[in-house]
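Now for the letters of each chain:
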Amino acid sequence: MSTTGPIRHARRALLWLGVIFILCGAILATGVATGKTTWSPKLALDLEGGTQMILAPKVQGGDAATQEQLDQAVEIIRQRVDGSGVSEAEISTQSGSKVVVSMPGVPDAKTRELIQASANMEFRPVIVSGAWQATPEEERTPKKDLPKPTAEPANASDTNWIDADLWQAFEAYDCSTELFSGETTSGDPAKPLIACEPGTMAKYILGPVEVPGTDIADASFGMTQGSTGFSTGQWAVNLVFNGEGAARFADVTTRLVQQTGAQNQFAIVLDGQVVSAPTTNNVIADGRAQITGSFTEESARALAEQLKYGALPISFEIQSEQQISATLGADQLRMGIIAGLIGLGLVAVYSFFQYRMLGLVTVASLVVAGVLTYAAIALLGWAQNYRLSLAGVAGLIVAIGLTADSFIVYFERVRDELRDGRSLPSAVETGWKRAKRTILASKAVNLLAAVVLYIAAVGNVRGFAFTLGLTAVADLIVVFLFTHPVLQLLARTRFFGEGHRLSGLDPSLMGVEPLYRGAGQVRRYSADAGAARTKRNAAATSEAVRRQTIAERRKAEQAAASVKETDNA
Amino acid sequence: MPNLATWGNELYTGKRSYQFINRRTLWFSITGLLVLLSLVVPVAKGGFNLGIEFRGGSEFTVSSVADTSVGPGEAAVLSAAPEHHPRVTNIAPNTMRVQTDKLSDDQTLQVAEALATAYGVTKDEVTSTFIGPTWGQEVSKQALIGLVVFVVLVALLMAAYFRTWKMSLAAIAGLLAVLVVTAGIYSLSGFEVTPSAIIGFLTILSYSLYDTVVVFDKIRENTANLFGQTRRTFGQQVNLAINQTLVRSINTSVVAVLPVASILFIGAFLLGAGTLRDLSLALFVGIVVGTLSTIFFQAPLYALLREQEPEIARHTQRVREQQAAPAPTAA
């Protein structure tokens, strides 16, 4: 093993660090150049202002909502919130039992209602279909011609449901206006309903609910298959009802299949909007329906998912609602950053006091870790929409101490090795091998805590946990790819290698006779000095040797051999 | 003591040694006393000062306030909702926070208007929040789940790494002591228990064990070849390990505490109540207590646990006999 080994290793490690930096910088620069992201990390709502609502799902029947149901609920809420014109809302599930809605600004009563209401899917028969826009005033049915029910409606498709008021409302109903207002509601299931289908630009009068969405057992989508079993290339949505739903759907299709025109259609209504209104071609008795039409893969998937929501009788209760004004956030952020900088400054002063010039390595490593963390946060903000909250900022500040500790553990080990009488380059190598173990084990505890906290946490606890985990990883990268290589290189400089008084690695302070005793004296172990040194440190060295594992001992012997080589060279 | 490095050198060789193991009865008694006090203090003070997140209620934030006195806020709330008792705090420069019991929607609007008038700001500067009590309970419940899961996982991790469950046991017993004492001091300070404080406690879990792992790793190293020597007993080896890592322990806790202290002081004196202050107090106390606990409680406890093992007891006996015997005269 030649002494160029550690140097080569150090250069390679630093090169890797450089590659990581260049990669991060390049990716970020590309993002900024294409206008997809910014250089600064994204700030969470608590620092930017906005509203965070935590919703607890209420499942009919009191069961707990499953993760799948929650994921679907998030989709529903997202559609509703986006539909009502609020942009940039963040909706996520939390700890498997909560839905968190965060949005800039203050939600109005309507948005709040939209978020809380349960997804209401129902199947209604179509009675009449009409044009998307309202009928112009002059073309509307004169009063004398308005429909008058002649008898009680016999079934849900009966035109006797339509009375004068309903017909007038239908003619005056303008789908664009109504949908834009975001006020479509499901209405009374026992009464007819006016609803629009945005996909086909149609407007309908629908009969009372015949099959509720909760009767859907499952929905999927796929290619239809011809009689030979080959795919026909046509997309279809498959629907499976539960027992009760199957019976009801059989009744409905039996009746509808005999009807003609619009009355042959049944409408799938989600939150008062018609998702699809297929025509009925067959009686479906087994509860397995297939909806075909001009589906694309995307629209088939969308319908299948919407149908699944129908089976999701979840409503939400707003458990907490928090409005954070941006002014307060900005103030807290500024103070937090000032606190962090003061903390960093104090750490720098203390490190210098403790480790002299070696303290500079600590500070440099902290700066590298800081830049790395910053880049990671900016990148994650872009890729994962990770936003830095105040709790996260606190996590970053706390991390300064935890990060600096790996350097302290390492430096103390190196000092221990110096105390055993090693030369600096060999002390750095041996100290590192021991410190590495400790650093890895202790960082594993940190990471474990961060992961557990992240998974179990609610609210902004997660931001904090995530930041802690992130800094633990950044710390490992820095200590492996920066601190250790830099120390390897520094160990070969005159300043550190000869144990300058200010280097922080002065062997005389470690109880070792200085190797360099002033100008004119060659830095080489004389036979006497070597003997003296051995004697003086015999106890400590034998102690250390005894404590070594076999592997450590072998390594040490190798290192010692290599040092001897250089000394004699 | 000319220099910490020289001091560290003496600690390393064993020339200077502090008796962490021999005096363990004393340390254990102090730990027990602190834990007991920490359990009594909250009871004596009538429980923790629970934040609004745990009690439930309405919260208003008034920004751009010129006069940050508490009086106008209290008067405004009492005029709009007489039966409610407001807590008015200056949480940041030019920002007031007003907390009340839960208000109805109408009352909320009235209080917001009254506050805007009282502090002479526009209605836009007053934001209102409703916080359900379940939110705080949820945080504590999740925190408790987090605690249990973490303790179990970390015990397994440490047992696997150190190859002895006794280290896990000692570490976790110490961890619980740290948590109890930190909670006791937190209660003594009278700071509100907010979700942020709970986060702080959870972070202490991580820090305290982190610190313990570093010291235990040195203990593992020192005691790995215990039976191959008769110079030191198990307890003496552990004591040497604590002394050898003492400089590290001091340096690390100082470096960890400095940034936290700077948040704490900036948070407490310049910002008033808030996420930063709550978090940093829990962390500040936790780091100091956690470091001390490793040295004075966890490591001595581990030594106590191991010394009961027959093999180690025999070794201790042998070393004691040798140490008692007159030392061979030096040539």
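Residues numbered from 1 in each chain as written. Chains lettered and ligands numbered in written order. Predicted model: local features only at pLDDT ≥ 70, side-chain atom pairs only at ≥ 80, totals over all residues. Heavy atoms only, no water.

So, about the overall build of chain A. Looking only at helices and strands, chain A has 17 helices and 13 strands in total. Classification of the 569 residues of chain A by burial places 50% in the buried group. Looking at chain A as shown, the accessible area adds up to about 25,600 Å², and 58% of this sits on carbon and sulfur atoms. (Helix = DSSP H or I, 4+ residues; strand = E, 2+ residues; numbered from the N terminus. Buried < 20%, exposed > 50% of the residue type's maximum accessible area, 1.4 Å probe, protein only. Areas by Shrake-Rupley, 256 points an atom, 1.4 Å probe, with all protein chains shown as cover.)

We now examine the overall build of chain B. If you tally the helices and strands in chain B, you get twelve helices and four strands. Scored against the burial criterion, the 331 residues of chain B give a buried share of 58%. By sequence separation, contacts in chain B at least 24 residues apart represent 78% of the contacts at least 6 residues apart. With the model as given, the accessible surface of chain B reaches about 13,600 Å², and the carbon-plus-sulfur share is 63%. (Contact = heavy atoms within 4.5 Å.)

On to helix α7 (residues 243–256) of chain A, then. Taking 1.5 Å of rise per residue, the 14 residues of α7 of chain A would be expected to cover 20 Å, and the 20 Å separating its terminal C-alpha atoms lies within 8% of that figure. Within α7 of chain A, burial applies to Gly-245, Ala-246, Phe-249, Ala-250, Val-252, Thr-253, Arg-255 and Leu-256 of chain A. (Expected span 1.5 Å × (residues − 1).)

The subject of this paragraph is the UniProt feature "transmembrane region" (unreviewed entry) in chain B. Residues and elements named next belong to chain B. Look at the UniProt record and you will see "transmembrane region" (unreviewed entry) annotated at residues 25–44, 143–162, 169–191, 197–216, 254–273 and 279–305. Overall, residues 25–44 shows 100% helix and 0% strand. The separation of its end C-alpha atoms is 28 Å. Its end C-alpha atoms 28 Å apart, residues 197–216 is made of 100% helix and 0% strand. (UniProt positions renumbered as here; feature names shortened; annotations may be inferred.)

All right, on to the UniProt feature "transmembrane region" (unreviewed entry) in chain A then. Residue and element names in this part refer to chain A. This chain's UniProt record puts "transmembrane region" (unreviewed entry) on residues 333–353, 360–382, 388–411, 440–458 and 464–487. Strand forms 0% of residues 333–353 and helix 100%; the C-alpha atoms that close the span are 30 Å apart. Note that residues 360–382 is 100% helix and 0% strand, and that its end C-alpha atoms are spaced 33 Å apart.

Moving on: the confidence of the model for chain A. All names here are of chain A. Here chain A shows a mean pLDDT of 74. Residues at 70 or above account for 69%. Low pLDDT, under 50, characterises residues 513–541; the stretch is placed with 25 contacts to residues that sit more than four places away or in other chains. Taken as a whole, residues 563–569 scores under 50 in pLDDT and shows seven contacts with residues more than four places along the chain or in a different chain. (pLDDT = per-residue confidence, 0-100.)

In this section: the packing of aromatic side chains. Under the counting rule described, the total for this entry stands at 21 aromatic pairs over all chains. A ring pair is formed by Tyr-350 of chain A and Phe-353 of chain A, whose centres lie 6.4 Å apart and whose planes are at 45°; its orientation type is tilted. Taken as a pair, Tyr-350 of chain A and Phe-353 of chain A lie in helix α9 (residues 326–355) at a separation of three residues, close to a single helical turn. The exposure class assigned to Tyr-350 of chain A is buried, which follows from its relative accessible area of 15%. Relative to Phe-296 of chain B, the ring of Trp-27 of chain B has its centre 4.5 Å away and its plane inclined at 65°; by these criteria the two rings are edge-to-face. One end of the pair, Trp-27 of chain B, is in helix α2 (residues 24–44); the other, Phe-296 of chain B, is in helix α11 (residues 275–307), and 269 residues separate them in sequence. Using a relative accessible area of 18% as the deciding quantity, one classes Trp-27 of chain B as buried. In this structure an aromatic cluster arises from ring pairing among Tyr-355, Tyr-410, Phe-411, Trp-432 and Phe-480 of chain A. (Phe/Tyr/Trp six-rings, centres within 6.5 Å; stacked < 30°, edge-to-face > 60°.)

With that settled, consider the pairing of strand β1 (residues 57–62) of chain B. Residues and elements named next belong to chain B. Burial within β1 is extensive, with six of its six residues counted as buried. As judged from the five bridges shared by β1 and strand β3 (residues 95–100), these two strands associate in the antiparallel manner. Following the sheet pairing, Phe-60 is matched in β3 by Val-98. (Pairing = 2+ DSSP bridges.)

A separate point is the packing of helix α7 (residues 165–189) of chain B against helix α8 (residues 195–223) of chain B. Residue and element names in this part refer to chain B. As a packed pair, α7 and α8 sit with axes 10 Å apart at the nearest point and diverge in direction by 145°. In this structure, α7 meets α8 at a crossing whose hand is right-handed. Of the residues in α8, those in contact with Met-167, Ala-170, Ala-171, Leu-175, Val-178, Leu-179, Thr-182, Ala-183 and Tyr-186 of α7 are Ala-197, Phe-201, Ile-204, Leu-205, Ser-208, Leu-209, Thr-212, Phe-216, Ile-219 and Arg-220. (Axes fitted to C-alpha atoms, helices over the stretch in contact; angles between N-to-C directions. Left-handed = near helix turned anticlockwise from the far one by under 90°.)

Here we come to the nonpolar core. The biggest cluster of nonpolar side chains holds 132 residues, and the ones touching the most others in it are Tyr-410 of chain A together with Phe-150, Phe-216 and Ile-219 of chain B. The dominant element in this core, judged by the number of residues it contributes, is helix α11 (residues 390–419) of chain A, at 16 residues. Excluding residues that lie within four positions of it along the chain, Phe-216 of chain B makes contacts with Met-158, Phe-162, Met-167, Ala-170, Ala-171, Gln-298, Ala-299 and Tyr-302 of chain B. By size, the runner-up hydrophobic cluster in this structure holds 24 residues, among which are Leu-239, Phe-249, Leu-270 and Leu-303 of chain A. (Core = buried A, V, L, I, M, F, W, Y, C linked by side-chain atoms within 4.5 Å.)

Another point: a nonpolar patch on the surface. A contiguous nonpolar patch, built from Ile-145, Val-148, Val-149, Val-152, Leu-153 and Leu-156 of chain B and spanning about 490 Å² of accessible area, is present on the exposed surface. Structurally, Val-149 of chain B is set in helix α6 (residues 133–162). (Patch = residues over 30% accessible without salt bridge, like charges linked within 9 Å, V, L, I, M, F, W, Y side chains within 5 Å. Salt bridge = Lys/Arg side-chain N within 4 Å of Asp/Glu carboxyl O.)

With 90% of its residues at a pLDDT of at least 70, chain B reaches an overall mean of 81. With pTM at 0.64, the complex prediction returns an ipTM value of 0.78.

Looking now at α2 of chain B. All names here are of chain B. Taking 1.5 Å of rise per residue, the 21 residues of α2 would be expected to cover 30 Å, and the 29 Å separating its terminal C-alpha atoms lies within 8% of that figure. For α2, the full list of buried residues reads Arg-24, Trp-27, Thr-31, Ser-38, Val-41 and Pro-42. For α2, the buried positions fall inside an angular range of 120° around the axis, keeping them on one side. Projecting away from the buried face of α2 at angles above 90 degrees are the exposed residues Thr-25, Leu-33, Leu-36, Val-43 and Ala-44. Looking one or two places after α2, you find Gly-46, whose phi comes out positive at around 75°. (Arc of directions from axis to C-beta.)

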